[in-house]
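So you can see what is in the structure, the chains are spelled out below.
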Amino acid sequence: MDTLTHTLMGGTIVGLAAIDPSIDPVSVGFITTVVGASLVPDVDTVMKLKNNAVYITHHRGITHSLPFTFFIWPVLLTALSVLLFDLPALNMYLWIQFAVFMHVFVDIFNSYGTQALRPLRHIWIQIGIINTIDVPILLLHVLYFILWYFTGMPVLLFIGLYAVLAIYYITRYMMQRSLVTKVTRQLPNEEISRLFCMPTIHYFEWRIVVVTKKAYYVGRSFRGNIIFYDRFNKSKPIEEERFKSIKQDENFKAFTFFSSIYRYEVTDISDKLVEIRYIDLRYLKEGHYPFVCIMQVDRETHEVLHSYTGWVFTESKLQKKLLGS
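This structure is a prediction, so every number in the text was calculated from the model and none was measured.

If you had to explain the packing of helix H1 (residues 3–16) against helix H5 (residues 89–107) to someone new, which residues and values would you point to?
Where H1 meets H5, the closest approach of the two axes is 10 Å, and the angle between their N-to-C directions is 145°. Considering how the two elements wind past one another, H1 and H5 form a crossing that is right-handed. Of the residues in H5, those touching H1 at His6, Met9, Ile13 and Leu16 are Trp95, Phe98, Ala99, Met102, His103, Val106 and Asp107.

What follows is the structure, encoded as structure tokens:
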């Protein structure tokens, strides 16, 4: 989820902490909201300063893993709360543990997902029923704080808020399953191997990507009506020697590690160079697929001379980033 949503969720945990008489609300607010819930698990964002490949590979990775969620972050933040505010260690550990867990837990429901099962499994958990920025969830949290101000009953409001959110998440899951059924019916003659229905910031609008035996279909659903914008035939396999070379490229490894569904194009750009472009099909926007991995490869040696992976919304910017890599 976005930082604002994580921060608001942390604030509701501060309200719930009113049931614990040994906790100072101001102190627990700082530790669970500002540090624990909204900032610390996403500290890996600084990896973007190095390069996109490192950031894409590790964001929501180890910092959202089992050791960090259930031990490292709670212990570090508990130590901070004891040293700075002289708060009871056990109580703070439990509240901080809850805050960090909530941060990681809600992240698995969007299409970006997390690697929350590391080190047991290095996979992305991407349930894909909630958009990263979800307007109803934000509004419900704002309503919570308004009602808290006027009623002074944060604990009861917390229970009510999360009961409503549970129903909301179930509703979104049911909407997704209904779309999956509709897509299957709309392509009755296709042998579907994978099907993605992913939310957008608009409540009734979903991204649709379908993989069949011979092609990829990309479209959207508007209030249950499904429209496919693109159909791509599957490309023939890249020749073995060339693929052995490109699969060692750091940008290629980062892209294929993160991307759940993609296609590729091979284009001759000169007598000596071949361009290989991998395109994530999940993020079609205004006729453009912005998340890509592009490599310029020597035609004879198959050496990757330039490569780039990341979000690019115009071809001119992509070429600048590629040549600057």
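Break down the packing of aromatic side chains for me, citing the residues and quoting the values.
Counted by the stated rule, this structure contains 29 aromatic pairs. Ring geometry for tyrosine 203 and phenylalanine 204: centres 4.7 Å apart, planes at 85°, overall edge-to-face. For tyrosine 203, a relative accessible area of 26% gives the class partly exposed. Pairing phenylalanine 291 with tryptophan 311 gives two aromatic rings, centres 4.9 Å apart and planes at 40°, and the pair type is tilted. Separated by 20 residues along the polypeptide, phenylalanine 291 in strand S7 (residues 291–298) and tryptophan 311 in strand S8 (residues 304–311) bring together distant segments of the chain. In this structure, arginine 172 packs its charged tip against the face of tyrosine 203, placed 4.7 Å from the ring centre. Here arginine 263 stacks its cationic end above the ring of phenylalanine 232, 4.0 Å away from the centre of that ring.

Hey, could you go over the pairing of strand S3 (residues 215–222) for me, with residue numbers and the actual values?
Most of S3 is tucked away, with seven of its eight residues classed as buried. Both strand S2 (residues 205–212) and S3 contribute to a ladder of seven bridges, which runs antiparallel. Within the sheet, the bridge partner assigned to arginine 207 lies in S3 and is arginine 220. Between the antiparallel neighbours S2 and S3 lie two residues. Bridge analysis of S3 against strand S4 (residues 225–233) gives eight bridges, and the strand direction is antiparallel. Of the residues in S4, the one forming a bridge with phenylalanine 222 is asparagine 225. Where S3 folds back on S4, the antiparallel hairpin that results is connected by two residues, among which arginine 223 adopts a positive phi of roughly 50°.

Quick one: what's the story with the pairing of strand S6 (residues 273–280), residue by residue and with numbers?
Among the eight residues that make up S6, eight are buried, leaving the element largely enclosed by the rest of the structure. Going residue by residue along S6, you find Leu273, Glu275, Arg277 and Ile279 tucked away on one face and Val274, Ile276, Tyr278 and Asp280 tucked away on the opposite face as well. The pairing of strand S5 (residues 262–268) with S6 spans seven bridges and is classified as antiparallel. Considered in S6, the bridge of aspartate 268 is made with valine 274. Here seven bridges tie S6 to S7, and the two strands are oriented antiparallel to one another. Of the residues in S7, the one forming a bridge with arginine 277 is isoleucine 294.

Rules behind the numbers
Residues numbered from 1 in each chain as written. Predicted model: local features only at pLDDT ≥ 70, side-chain atom pairs only at ≥ 80, totals over all residues. Heavy atoms only, no water. Axes fitted to C-alpha atoms, helices over the stretch in contact; angles between N-to-C directions. Helix = DSSP H or I, 4+ residues; strand = E, 2+ residues; numbered from the N terminus. Left-handed = near helix turned anticlockwise from the far one by under 90°. Contact = heavy atoms within 4.5 Å. Phe/Tyr/Trp six-rings, centres within 6.5 Å; stacked < 30°, edge-to-face > 60°. Buried < 20%, exposed > 50% of the residue type's maximum accessible area, 1.4 Å probe, protein only. Lys NZ or Arg CZ within 6 Å of the ring centre and 35° of its normal. Pairing = 2+ DSSP bridges.

None of this, on its own, says anything about what the molecule does.
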